[in-house]
Amino acid sequence: MWRDGELDEEEELDDAVLSEAEEDVCSVLEDDGDEENKFQMHRESFSKLLKRVSLSESKLYAQMSYLGNLAYSISKIKPANLSKYYGLRFVTSSAEKTELALKAQVSGETKPKEEDEEEEETEDRMISASAAYEVVASAASYFQSRTTNILPFTDEEELLSSSSLTTSVTCVVAAEEDVKQAVADDLKSTISSPCDWFICDDDQTLTRFFVIQGSESLASWQANLLFEPIEFEELNGAIVHRGIYEAAKGMYEQMLPEVQAHIKAHGNRAKFRFTGHSLGGSLSLLLNLMLLVRGEVPASSLLPVITFGAPFVLCGGDRLLEKLGLPKSHVQAIVMHRDIVPRAFSCNYPYHVAELLKAVNGNFRSHPCLNKQSMLYSPMGELLILQPDESFSPGHDLLPPGNGLYLLTTGGFESLDEEEQRLRAAQTVFLNTPHPLDILSDRSAYGSSGTIQRDHDMNSYLKAVRSVIRKEVSQIRKLKREHRRSLWWPILVARESGRSSGTAIGQINGQDFAGMMKTGRKSLQRFSRLVASQHMPLILVLLFPVKLLFLEAFNVLSFR
């Protein structure tokens, strides 16, 4: 278990003077200017920091994206098919946990009348306190449904929806603490989850998978909108998105028995993999770290967290990984090239927006990421960029043409500090290109076929990763064919040139053969016809199994 001492922060902090903790958490910008200006990024320089992901890694991401896709239709999962085609055994789901919790609540002992009355008064007060917040979350949820199903807005509708969203976010940020605490308590409920999830096992590797879907419910929007910064797990300098953290606390209690059961069954050999899409990816990360910090699971049993299109929700996340003894690769964040969601909290916020947040909520006044980098939460771990086929979505200006899955990494520069600075600058440029405001200003972004839905949908991630794998497999097969040709063509030509006396085969072995290698398909057809018509026995000899050749030779010697 790893904990630091209490973080002693003042309630108000001037923007120009930051505490020592802030310097440790988000010290990214240089004193002589920001990194975007220090490290100019264009396609060529950005491409030098890209490393194409291997085929084995792509297959792992394809499996995780398939499970993430299943999380949106858990009720339709057929355990038999999951086992037959993917070798995974279905364990349980949030729906089953909720049903058990409700049954336990109903069958519980009757409480004294005085206690019931006291709880009713508390419940009435909590409902009253959180009513305004639920209206706000409902408005945001309504706005999302409108942007998903309507294309395009009329000017009046567009103005109304945008105004509702702006008012909603402002109201949430400025809400009284009792309102936000009431919502936080709701999010921590062990009876329901803001996001559905399921668990499955790989019995061969002893790995238990926890798969969490993204924002689908009112509760998930409550978690999204309560985005003020608070301390994570009482760890000095680790700042987290409050709403998602509160939601993770409730899910932690639901999942903990399944974690403990797996460890009890397999001991130190037990492995755990957390994955999720969108909000589910952020929850996966927090749950993974909470298990480690609270001492429930050793670091050796926690496999890297893999997220798809998830918003970053920690300020000082890389420093936290370092203190916990975890490598950056423990968090593998896969981001579609134009996905707006991972950019939402990690893009550069305009000055007037940052000032508004500080004015209406004191927690933002001492928020290191906002003060130092003009963002709410910083990128964490490894950033992997997924670009689909251009027929599906236009390519990104910073990426090589065509589909691909790339790890954004250091470029092998001399200074480690310079490598880190250049990498962070590249992350900043990518997360601001395109900027979320640019995406939202495009009318074609909305609707079920709009760019927001297209570039964030879990199914889009699944299709794009599979497309990358098909391309890679095709290239590998092509190289193998060329390698085989380079081996048997010279053998055939050498044999025939020895048997021929300067005829057609002899010509092929000379200049004609060199020309044949260059001219491609037509030359190959010409060569095939020649061998098939005059030298078929030779091919049969070359392809005949070695065992049978030896057997035939033995028979001949025996008869003699």
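Cut-offs applied
- Residues numbered from 1 in each chain as written.
- Predicted model: local features only at pLDDT ≥ 70, side-chain atom pairs only at ≥ 80, totals over all residues.
- Heavy atoms only, no water.
- Salt bridge = Lys/Arg side-chain N within 4 Å of Asp/Glu carboxyl O.
- Helix = DSSP H or I, 4+ residues; strand = E, 2+ residues; numbered from the N terminus.
- Buried < 20%, exposed > 50% of the residue type's maximum accessible area, 1.4 Å probe, protein only.
- Pairing = 2+ DSSP bridges.
- Axes fitted to C-alpha atoms, helices over the stretch in contact; angles between N-to-C directions.
- Contact = heavy atoms within 4.5 Å.
- Core = buried A, V, L, I, M, F, W, Y, C linked by side-chain atoms within 4.5 Å.
- Phe/Tyr/Trp six-rings, centres within 6.5 Å; stacked < 30°, edge-to-face > 60°.
- Lys NZ or Arg CZ within 6 Å of the ring centre and 35° of its normal.

- As recorded in an unreviewed UniProt entry, the chain goes by Fungal lipase-type domain-containing protein and comes from Brassica campestris.

### Focus on the pattern of salt bridges
Item 1. Within this structure, the stated rule accounts for 16 salt bridges.
Item 2. Between Lys249 and Glu246 there is a salt bridge, with the nearest N and O atoms lying 3.6 Å from each other. Of this pair, Lys249 and Glu246 both sit in helix H11 (residues 242–266), three residues apart, which is roughly one turn of the helix.
Item 3. The exposure class of Lys249 is partly exposed, given its relative accessible area of 22%.
Item 4. Three or more residues joined by partner-sharing salt bridges are found here, namely Arg89, Lys97, Asp201, Asp203, Arg208 and Glu258.

### Describing the sheet that holds strand S4 (residues 207–212)
Item 1. The nine strands are arranged S1-S12-S11-S10-S8-S7-S4-S3-S2 in an open sheet whose pairing can be described as mixed. The strands lining the two open edges of the sheet, one partner per strand, are strand S1 (50–52) and strand S2 (89–93). Averaged over all adjacent pairs, the angle separating strand axes in this sheet is 25 degrees, with direction ignored.
Item 2. The pairing of strand S8 (residues 305–308) with strand S10 (residues 331–336) spans four bridges and is parallel. Bridging from a neighbouring strand, Thr307 pairs with Ala333 of S10.
Item 3. Here helix H4 (residues 55–70) sits on the sheet and contacts strand S3 (197–202), S4, strand S7 (271–277), S8, S10, strand S11 (382–387) and strand S12 (404–408); the angle it forms with S8, its principal contact strand, is near 65 degrees.

### Considerations on the nonpolar core
Item 1. Membership of the largest hydrophobic core comes to 63 residues, with the highest contact counts inside it found for Phe46, Phe232, Leu283, Leu286, Leu289 and Leu314.
Item 2. For this core, the element with the highest residue contribution is helix H12 (residues 279–293), accounting for 10 residues.
Item 3. Sequence-distant contacts of Leu286, that is, excluding residues within four places in its chain, are made with Phe232, Val240, Ile244, Tyr245, Ala248, Val313 and Leu314.
Item 4. Within the second largest apolar cluster, 33 residues are counted, among which are Val53, Val211, Leu386 and Met458.

### As for the packing of aromatic side chains
Item 1. In the structure shown here, the tally under the stated rule is 10 aromatic pairs.
Item 2. With a centroid separation of 4.2 Å and an interplanar angle of 25 degrees, the aromatic rings of Tyr66 and Tyr86 are classed as stacked. Of this pair, Tyr66 sits in helix H4 while Tyr86 sits in helix H5 (residues 79–86), and the two are 20 residues apart along the sequence.
Item 3. Residues Phe345 and Tyr377 carry aromatic rings whose centres are separated by 5.9 Å and whose planes lie at 85 degrees to one another, so their mutual orientation is edge-to-face. Note that Phe345 is positioned in the loop between S10 and helix H14 (351–360) and Tyr377 in the loop between helix H15 (368–373) and S11, a separation of 32 residues in sequence.
Item 4. An aromatic cluster is defined as three or more aromatic residues linked by ring pairs; in this entry it consists of Phe227, Phe345, Phe364 and Tyr377.
Item 5. It is Arg294 that lies over the ring of Tyr252; its NZ or CZ is 4.5 Å from the centre.
Item 6. Taking NZ or CZ as reference, Arg343 lies 4.5 Å from the ring centre of Phe430, over its face.

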